[in-house]
Amino acid sequence: MIRIRNANDSDLAAVERLLSASDLPLDGVRESFASFIVAEDDNEIAGAAGLEKFGSAALLRSAVVATKHRGSGIGRLLVEHLLERAEEAGIDELYLLTTTAENYFPRFGFTRTTRSTVPDAVKASAEFRGACPDTAVVMTRRVGSAARIRA
């Protein structure tokens, strides 16, 4: 059974292996690992994702699922959990960068945007400073009261 929980220091190596196996950047992961969650399946890390906060904005980063667990709903559970966490934290706007999943995130309300619309604090993150290529798609989603106001 899949269990979503806060990541702890002993999960870092397993998460870094998952990210590397999926050709995702490791830049900034160690520094922001306290904000990560993991999906655990039978004491094995099956997926992970992080939420870096920058005031009322945040970066959903390093969403990854082990190859053998893809298609099982773990990615959805991780994203939904981080969306709830963002709302509880008072985040108004979420951003993400992706080179492979621009067709996956719209089901969670994310839409494409441009780098110029991203707050400077988020652009200062390791992901925006170069961990992800300039060709990565930038996506955004309103959260919590900001989403309700716009709706």
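How each quantity is defined
Residues numbered from 1 in each chain as written. Predicted model: local features only at pLDDT ≥ 70, side-chain atom pairs only at ≥ 80, totals over all residues. Heavy atoms only, no water. Phe/Tyr/Trp six-rings, centres within 6.5 Å; stacked < 30°, edge-to-face > 60°. Buried < 20%, exposed > 50% of the residue type's maximum accessible area, 1.4 Å probe, protein only. Helix = DSSP H or I, 4+ residues; strand = E, 2+ residues; numbered from the N terminus. Salt bridge = Lys/Arg side-chain N within 4 Å of Asp/Glu carboxyl O.

K.L.:
I would appreciate a short explanation of the packing of aromatic side chains in the present structure.
P.N.:
For any pair of aromatic rings, the description rests on two quantities: the centre-to-centre distance and the angle between the ring planes. In this structure the tally under the stated criterion is 5 aromatic pairs. Seen from their ring centres, Y104 and F105 are 5.3 Å apart, and the 80° between their planes marks the pair as edge-to-face. For F105, a relative accessible area of 6% puts it in the buried group. With 5.7 Å between their ring centres and 75° between their planes, F105 and F110 make a pair best called edge-to-face.

K.L.:
Is there a simple way to explain the environment of Y95 in this structure?
P.N.:
You can see Y95 is positioned in strand β5 (residues 93–98). Y95 sits 73 residues away from S22 along the chain, and the two C-alpha atoms are 20 Å apart.

K.L.:
When you look at the pattern of salt bridges in this model, what are you seeing that I'm missing?
P.N.:
Oppositely charged side chains can pair when the atoms bearing their charge come close. Scanning the model with the defined rule gives 9 salt bridges in all. Taking the shortest distance from any N to any O, the salt bridge between K123 and D120 comes out at 3.9 Å. Of the two residues, K123 and D120 both sit in helix α4 (residues 120–123), 3 residues apart, roughly one turn of that helix. Relative accessible area serves as the criterion here: at 61%, D120 is assigned to the exposed category. Because the salt bridges share partners, they merge into one network encompassing R3, R5, D11 and E40.

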